[in-house]
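Take a look at the letters that make up each chain.
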Amino acid sequence: MKIAVIGGGAAGLTAAGSAKGAAVTVFDHMEKVGKKIYITGKGRCNFTNVCDNQTFLQNVVTNSPFLRSAISKFTPYDAIDLLENNGCKTKVERGRRAFPQSDKASDVIKALSRYAESNGAVIKLNSKVIDIARTDNGYAVCCSDGEEHFDRVIMCTGGMSYPQTGSDGNAYAVIMRLGHTVITPQPSLVALVTQEDLSAAEGLTLKNVSLRTDKVKPIFGDLMITADGISGPIALTLSAYTARDRFPYKAYIDFKPAMSRDELDARLLRDFGAQLNKQFKNALDLLLPKSVIPFIIERSGVDGALPVNSVTKKQRARIVELVKAFELNVTGNEGFNRAVVTCGGVDVKEINPKTMESRISRGLYFGGETLDVDALTGGYNFHIALATGYVAGSSAAVEQDE
Ligand SMILES: Cc1cc2nc3c(=O)[nH]c(=O)nc-3n(C[C@H](O)[C@H](O)[C@H](O)COP(=O)(O)OP(=O)(O)OC[C@H]3O[C@@H](n4cnc5c(N)ncnc54)[C@H](O)[C@@H]3O)c2cc1C
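Residues numbered from 1 in each chain as written. Predicted model: local features only at pLDDT ≥ 70, side-chain atom pairs only at ≥ 80, totals over all residues. Heavy atoms only, no water.

### Things to note about the environment of Tyr241
Next, step 1: Within the secondary structure layout, Tyr241 lies in helix H8 (residues 233–241).
Next, step 2: Filtering out sequence-adjacent residues up to four positions away, Tyr241 remains in contact with Val61, Val216, Ile219 and Leu376. (Helix = DSSP H or I, 4+ residues; strand = E, 2+ residues; numbered from the N terminus. Contact = heavy atoms within 4.5 Å.)

Following this line, the structure appears as structure tokens:
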């Protein structure tokens, strides 16, 4: 059985290794495999999250049910075993995030390459697949340096994020010519751009705040203010839940999620009472980070020079509202160049979740980010690439009755 794996990222290398007994060729148009892996997890590669299947699927944002079978066939423990068995020692950190013990993503690349090569896979670099045509008994893979026939093809060409790593979306056209639907790709896990200029507080990290929209429930954690909007863990999470929404939309920061509005009002009264001679603009220091205060004062309409004991109940209510629901107009995001993952891709309705085989074209398989699946940060996306690649490779290598 001859199998072509298109794309030498996490999914493709795993598919190549798991297609046991087949003659596998991996095509990648870059000069080396796994270019995206180098930059994952800030160069440390958070390759999985050691949690149970249910928790895992709760962290999948798009098409979680589709992944149920793949995640149970290839668990986070299988990911650890795969790397350990191929020379990469691993460790688990806070939040059940697994990394190579060396903190070097390159060790993950070496282990996945070794896994592929241990199955005899041939890796062809600088080989761009420009078309794939169905033949009577398989597929003609047309690549920059010629055409070759294969019995089966596994598409692991990734999404569109960080296109300089090789996953630039060029292969969607090939996939569509094979009869598949590609759900419009959108950047996900990406910083958000706001209409409001928050740059005076650029670099500020707000700890233990929450962020919501009219549709998305509050997300708790840390938020960063950037030159043109918001970033940090909860902004990235929000970007995933809103990846298919239209811009602009409203988002609301709750600077004090642990307090109710009444508790916050009581707290303001207490703080103001303890600082009677201060001006209003100097009386919020105990409550909020310094660089946030000017935004609250400006929006409150209360004169910052007003003695704090003159702030009325109505004005206090306005301040409470601003602290609990600081409105932002999200007008965009930082795009594919800065997005961790792609939301969108091959419509999973057209794929058998047990084998990753196309329901449209027999002998054609898919793995990794090229599928319309995406998850939150924490090692889930990389694991999805490993698991779907594994299932695609092991299924494709099995002879089927016609
Ligand atoms: C900055 C950053 C940090 C990240 N950190 C983490 C993390 O810590 N944990 C986590 O879980 N996830 C992380 N991710 C996401 C994760 O890395 C990806 O979801 C995962 O690596 C996708 O693997 P893949 O094999 O599906 O696709 P890719 O790694 O994108 O591989 C696709 C391959 O296909 C090749 N290719 C494309 N078109 C063609 C063609 N026509 N012919 C031949 N070859 C082609 C490309 O060159 C590429 O090598 C991060 C992503 C980014 C961008």
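### Re the pairing of strand S19 (residues 341–346)
Two faces make up the sheet, and in a regular strand the side chains alternate between them.
Next, step 1: By the criterion of burial, S19 is predominantly enclosed, with 6 of the 6 residues buried.
Next, step 2: Examined bridge by bridge, strand S12 (residues 182–188) and S19 share 5 bridges and lie antiparallel to one another. Residue pairing across strands places Ser188 opposite Val341, the latter belonging to S19. (Buried < 20%, exposed > 50% of the residue type's maximum accessible area, 1.4 Å probe, protein only. Pairing = 2+ DSSP bridges.)

### Points about the packing of helix H1 (residues 10–18) against helix H12 (residues 380–396)
Next, step 1: Here H1 crosses H12 at 30°, and the two axes come no closer than 7 Å. In terms of crossing hand, the pair formed by H1 and H12 is right-handed. Residues Ala10, Ala11, Thr14, Ala15 and Ser18 of H1 pack against Phe382, Ala385, Leu386, Gly389, Tyr390, Gly393 and Ser394 of H12.
Next, step 2: Each residue belonging to the contact of H1 with H12 can be placed in one class, and the counts come to 7 nonpolar, 5 polar and no charged. (Axes fitted to C-alpha atoms, helices over the stretch in contact; angles between N-to-C directions. Left-handed = near helix turned anticlockwise from the far one by under 90°. Nonpolar A, V, L, I, M, F, W, Y, C, P; charged D, E, K, R; others polar.)

### A word on the site of the ligand
Next, step 1: Near the ligand there are 35 residues, and of these Asp28, Thr40, Asn170, Glu369 and Phe382 occur at the shortest range.
Next, step 2: Measuring from an oxygen atom of the ligand, one finds a backbone N or O atom of Phe382 at 2.7 Å.
Next, step 3: Among the elements of the structure, H1, helix H2 (35–39) and H12 are those that each provide at least two residues to the shell around the ligand.
Next, step 4: Split into classes, the residues belonging to the shell around the ligand amount to 14 nonpolar, 17 polar and 4 charged. (Near = heavy atom within 4 Å. Polar contact = N/O pair within 3.5 Å; in protein donor to acceptor, adjacent residues only side chain to side chain.)

### Re helix H10 (residues 293–300)
Next, step 1: Within the sequence span of H10, burial applies to Ile293, Phe295, Ile296, Ile297 and Ser300.
Next, step 2: Looking one or two residues beyond H10, the residue adopting positive phi is Gly301, at roughly 75°.

### A look at the pattern of salt bridges
Next, step 1: Tallied over the full model, the rule gives 20 salt bridges.
Next, step 2: Note that Asp265 is salt-bridged to Arg316, the shortest N-O span being 2.7 Å. Of the two residues, Asp265 is situated in helix H9 (residues 261–274) and Arg316 in helix H11 (residues 313–324); the sequence distance between them amounts to 51 residues.
Next, step 3: A salt bridge links Arg338 to Glu334; its shortest N-O distance comes to 3.9 Å.
Next, step 4: What makes Glu334 partly exposed here is its relative accessible area of 27%.
Next, step 5: Bridged by salt links that share partners, the residues Arg44, Lys91, Glu93 and Asp103 form one connected network. (Salt bridge = Lys/Arg side-chain N within 4 Å of Asp/Glu carboxyl O.)

### Some points on the domain arrangement of the protein chain
Next, step 1: Under the domain assignment used here, the protein chain contains domain 1 (2–183 + 345–396) and domain 2 (191–334).
Next, step 2: Put simply, the middle of domain 1 and the middle of domain 2, counted by C-alpha atoms, are 41 Å apart.
Next, step 3: If you look at the interface, domain 1 gives 5 residues, while domain 2 gives 4 residues.
Next, step 4: Between domain 1 and domain 2, a total of about 450 Å² is buried, with carbon and sulfur atoms accounting for 59% of that surface. (Domains from an automatic or database assignment. Buried area = accessible area lost by both parts, 1.4 Å probe.)

### Digging into the side chain of Asn49
Next, step 1: Within the fold, Asn49 resides in strand S3 (residues 48–49).
Next, step 2: When its relative accessible area of 1% is taken as the criterion, Asn49 is described as buried.
Next, step 3: Looking at Asn49, its side chain comes within polar contact range of the main-chain oxygen of Gly95, at 3.1 Å.
Next, step 4: Of note is the side chain of Asn49, whose polar atom sits 3.2 Å from the side chain of Tyr380.
Next, step 5: In contact with Asn49, other than residues within four places in its own chain, are Phe56, Pro76, Gly95, Arg96, Arg97, Gly378, Gly379 and Tyr380.

### Re the packing of H1 against helix H6 (residues 105–118)
Next, step 1: Where H1 contacts H6, the axes come no closer than 6 Å and their chain directions differ by 30°. Considering only the axes of H1 and H6, their crossing is left-handed. Across the interface between the two elements, Ala10, Leu13, Thr14, Ala16, Gly17 and Ser18 from H1 touch Leu112, Ser113, Tyr115 and Ala116 from H6.
Next, step 2: Looking at the contact of H1 with H6 residue by residue, the class counts come to 6 nonpolar, 4 polar and no charged.

### Notes on unusual backbone geometry
Next, step 1: Of note, the bond from Phe247 into Pro248 is cis; its omega dihedral lies within 30 degrees of zero at -5°.
Next, step 2: Considering the arrangement of structural elements, one finds Pro248 in the loop between H8 and strand S17 (249–254).
Next, step 3: In this structure, Lys42 takes a positive phi of about 50° despite not being glycine.
Next, step 4: Here Lys42 is to be found in the loop between H2 and S3.

### A word on H12
Next, step 1: When the terminal C-alpha atoms of H12 are compared, their 24 Å separation across 17 residues agrees well with the 24 Å that a helix rising 1.5 Å per residue should span.
Next, step 2: Burial analysis of H12 places 15 of its 17 residues in the buried class, the great majority of the element. (Expected span 1.5 Å × (residues − 1).)

### Focus on the sheet that holds strand S2 (residues 23–27)
Next, step 1: Spatially, 5 strands are ordered S7-S2-S1-S11-S20 in an open sheet, and the strand pairing comes out parallel. One side of each edge strand has no neighbouring strand; the edge strands of this open sheet are strand S7 (122–124) and strand S20 (364–366). The sheet shows a mean angle of 20° between the axes of neighbouring strands, taken without regard to direction.
Next, step 2: As judged from the 4 bridges shared by strand S1 (residues 2–6) and strand S11 (residues 152–155), these two strands associate in the parallel manner. From the neighbouring strand, Ile6 faces S11, where its bridge partner is Met155.
Next, step 3: The strands touched by H1 are S1, S2, S7 and S11; relative to S1, the strand with the most contacts, the crossing angle is about 165°.

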